[in-house]
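Overview (structure and organization)
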Amino acid sequence: VQCDIGFVGAGVMGKNLILNLADHGYRVAAFDLDHKKLESVIQQDQAENNGKAGRVVACSSYTELLAKLSSPHLIILSVPAGRPVDDVCSKLIDAGIKADDIIVDTGNSLWTDTVRREKDYEGKFIFFSTAVSGGEVGARFGPSLMPSGDPYAWTRIEPVWRAIAAKVDPATSRPIERFEPGNPVTEGEPCATYIGPGGSGHYVKMVHNGIEYADMQLICEAYQVMRDALGMTALQVAAVFKEWNQGILNSYLMEISAEVLATKDSETGLPLVDVILDKAGQKGTGLWTAVSSLELGCPSPTIAEAVFARSISTLKEQRVAASTLLAGPVQEKPTEAKREQMIKQLHDALYCAKICVYAQGFDLMKTAGIEHGWALNFAEIAKIWRAGCIIRAVFLQSITDAYERNDDLANLLVDPFFSKQISVYQMNWRRAVADATLLGVPVAALSSALSYYDSYRTAVLPANLLQGQRDYFGAHTFERTDKSKGKTFHVDWSSAARTMVKVK
Ligand code: 6PG
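About the thresholds
- Residues numbered from 1 in each chain as written.
- Predicted model: local features only at pLDDT ≥ 70, side-chain atom pairs only at ≥ 80, totals over all residues.
- Pairing = 2+ DSSP bridges.
- Helix = DSSP H or I, 4+ residues; strand = E, 2+ residues; numbered from the N terminus.
- Axes fitted to C-alpha atoms, helices over the stretch in contact; angles between N-to-C directions.
- UniProt positions renumbered as here; feature names shortened; annotations may be inferred.
- Buried ≥ 20, exposed ≤ 12 C-beta atoms within 10 Å, placed from the backbone.
- Contact = placed C-beta atoms within 7 Å.
- Near = placed C-beta within 6 Å.
- Nonpolar A, V, L, I, M, F, W, Y, C, P; charged D, E, K, R; others polar.
- Core = buried A, V, L, I, M, F, W, Y, C linked by C-beta atoms within 7 Å.
- Domains from an automatic or database assignment.

1. Considerations on the sheet that holds strand β6 (residues 126-133)
In space, the 7 strands of this open sheet follow the order β3-β2-β1-β4-β5-β6-β7, with mixed pairing throughout. Among the strands making up the open sheet, the edge pair consists of β3 (56-58) and β7 (144-148). Neighbouring strand axes in the sheet, compared pairwise and without regard to direction, differ in orientation by 25° on average. Judged from the 5 bridges that link them, β6 and β7 form a sheet pairing that is antiparallel. When the sheet's bridge partners are listed, S129 is paired in β7 with S148.

As structure tokens, this is what we get:
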């Protein structure tokens with residue numbers, strides 16, 4: 001019997017995607033250089049399938065993989081981003097893959113690599129990409145999928161992706177979650193939508209990760225204020241987060257943060273977070289988002305701050321040394337009443353800052369879309385982030401609503417719903433940033449989001465002085481507020497009269 005789908009890479013994500021496909025009735029021919037990984041998929045598949053073999057077939061070579069598939073072949077890759085993707089593609093070319101066969105890359109690839117690959121492999125096979133979010137559990141029971149590339153390839157992969165994607169209950173905008181092998185969710189709205197031409201899906205996933213970084217950092221800052229300024233234990237913070245998760249701050253990241261904080265270390269019995277070393281890792285997607293934001297001149301300062309926060313966390317030895325050298329403010333233990341007040345402030349601050357982070361992320365996608373000629377549909381993008389992915393939250397529905405009201409929104413901040421929300425909650429946001437600052441607790445992301453908001457709503461920024469400085473030392477010219485756009489001027493700073501010269 002021929003298989004429907006070929007699959008290369010049976011690591012954590014690959015294995016779970018394979019089992020998800022099998023649950024939805026697809027017969028999968030799988031290959032991995034590491035035979036043990038393949039065996040583990042086969043065993044788990046049988047165990048989950050009442051001991052019956054056959055939903056997943058292990059292949060020992062690329063040639064065997066191709067032989068097991070009906071033509072034209074559909075092959076999904078789940079291999080580490082970077083070189084391994086090209087290595088597998090060239091192996092598949094050697095094994096005889098044809099021009100109308102499709103390879104779908106599901107890794108966290110750099111979007112420009114995807115664009116390049118589409119060109120490089122033209123005529124050899126169709127290189128299609130699908131960015132996947134949701135970690136292991138998402139891959140197994142329903143990820144959020146961001147496919148992009150050749151429209152014909154999309155017609156072939158669409159039914160597969162819609163089947164295995166996470167589903168949203170349209171009545172509540174909440175994920176329909178059923179984590180039962182063999183009993184997949186088939187009802188609801190699938191979190192898979194065609195994003196656009198090659199590269200756009202991975203770009204959108206990259207921005208998803210940038211937002212993920214910032215969202216995580218904001219939650220961590222709230223935790224640090226509660227821990228360091230308010231003297232709260234991990235369990236106490238967990239209880240606050242659990243409560244916040246019931247309201248407007250409801251999100252998967254809030255939920256798991258509460259769970260992490262409530263977990264005891266099995267070895268020492270201490271709160272687990274208290275024994276986890278405070279050095280953050282990163283694989284690059286947040287950095288890529290910040291770099292893209294800088295390159296496009298489209299401000300995503302809070303995403304960049306989140307990346308910097310991870311970098312500064314890695315300077316552990318220096319920080320420990322500096323902690324006894326550098327003075328902070330004298331901290332007074334806040335009263336019980338002040339503590340309650342600060343917790344409420346942090347709640348509102350988190351909400352406002354989160355709106356700003358999404359405003360930055362969506363603005364970045366908009367700018368990149370214009371730059372690269374992608375017709376991105378932001379209402380749809382927010383929709384497929386409502387379930388399956390790491391930043392999933394009911395909040396995303398409000399973003400969809402905003403873009404459905406106006407698909408050409410200049411910035412999420414000027415949407416009537418979001419502007420009203422910030423006007424309601426902003427004072428506590430300001431107080432949270434001020435209190436944390438006075439107490440010497442860093443809140444880089446919370447305050448950067450506030451500066452973003454305040455800059456965005458400021459009609460006249462001090463860039464007039466900046467232009468004056470540039471013209472003074474470098475004759476870089478400036479425009480005048482009282483002259484037509486595009487006309488530039490320079491002052492002869494060396495002359496006593498500071499004569500104005502029209503340049504263009
Ligand atoms: C997701 C995650 C996933 C991965 C991150 C982690 O959407 O499922 O974003 O892609 O866990 O890349 O990235 P860092 O290791 O950089 O935190």
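Now that the structure has been shown, we can carry on.
2. Considerations on the UniProt feature "active site" (unreviewed entry) in the protein
The UniProt entry lists K205 and E212 under the feature "active site" (unreviewed entry), expressed in the numbering used here. Its location among the elements puts K205 in helix α8 (residues 200-229). What makes K205 buried here is the crowd of 26 C-beta atoms within 10 Å. Every residue in contact with K205, bar those within four places of it in the chain, is listed here: A131, S133 and M146. Turning to its location among the elements, E212 is positioned in helix α8. For E212, a count of 23 C-beta atoms within 10 Å corresponds to the buried category. Excluding residues that lie within four positions of it along the chain, E212 makes contacts with I390 and I391.

3. Observations concerning the UniProt feature "binding site: substrate" (unreviewed entry) in the protein
Residues given the UniProt feature "binding site: substrate" (unreviewed entry) here are N108, S133, G134, G135, H208, N209, Y213, K283, R310, R470 and H476. With the annotated positions falling across 369 residues, the maximum pairwise C-alpha distance of 48.9 Å shows that they are not confined to a single cluster. Of note, Y213 is situated in helix α8. If sequence neighbours within four positions are ignored, Y213 has contacts with G286, I303, A306 and V307.

4. A few points about helix α10 (residues 252-262)
Among the residues of α10, Y252, L253, M254, S257, A258 and L261 are the ones counted as buried. In the core, the buried residues of α10 are packed alongside α8, α9 (234-244) and α11 (272-275).

5. Brief notes about the site of the ligand
Surveying the vicinity of the ligand reveals 13 residues, the closest of which are S133, N209, Q282, K283 and I390. Of all the secondary-structure elements, those providing two or more residues to the shell around the ligand are α8 and α12 (285-296). A breakdown of the residues in the shell around the ligand according to their chemical character gives 2 nonpolar, 9 polar and 2 charged.

6. Side note on the environment of A359
In this structure, A359 sits in helix α15 (residues 336-372). Taking the number of C-beta atoms within 10 Å as the measure of exposure, A359 has 27 and is therefore buried. Between the C-alpha atom of A359 and that of E189, which follows or precedes it by 170 residues, the distance is 24 Å. Once residues lying within four places of it in the same chain are set aside, the contact partners of A359 are N411, L412 and L413.

7. Considerations on the nonpolar core
I18, V28, A30, I103, A353 and L446 are the most contacted members of the largest nonpolar core, which has 145 residues in total. Looking at which domains feed residues into this core, each of domain 1 (5-198) and domain 2 (210-456) supplies at least three. The residues touching A353, leaving out its near neighbours within four places in the chain, are L218, T302, W429, A445, L446 and A449.

8. Description of the domain arrangement of the protein
Domains assigned within the protein are domain 1 (5-198), domain 2 (210-456) and domain 3 (463-502). The centre of domain 1, based on its C-alpha atoms, is set 32 Å off from the matching centre of domain 2. With 22 residues of domain 1 at the interface, the matching set in domain 2 holds 17 residues. Counted by class, the side of domain 1 that touches domain 2 contains 10 nonpolar, 10 polar and 2 charged residues.

9. Examining the pairing of strand β4 (residues 74-77)
Burial of β4 is two-sided: the residues L74 and I76 facing one way and the residues I75 and L77 facing the other way are all buried. For strand β1 (residues 5-8) and β4, the ladder comprises 3 bridges, and the chain directions are parallel. For V8, the partnering residue across the bridge sits in β4 and is L77. Note: β4 against strand β5 (residues 102-105), 4 bridges, orientation parallel. From the neighbouring strand, L77 faces β5, where its bridge partner is D105.

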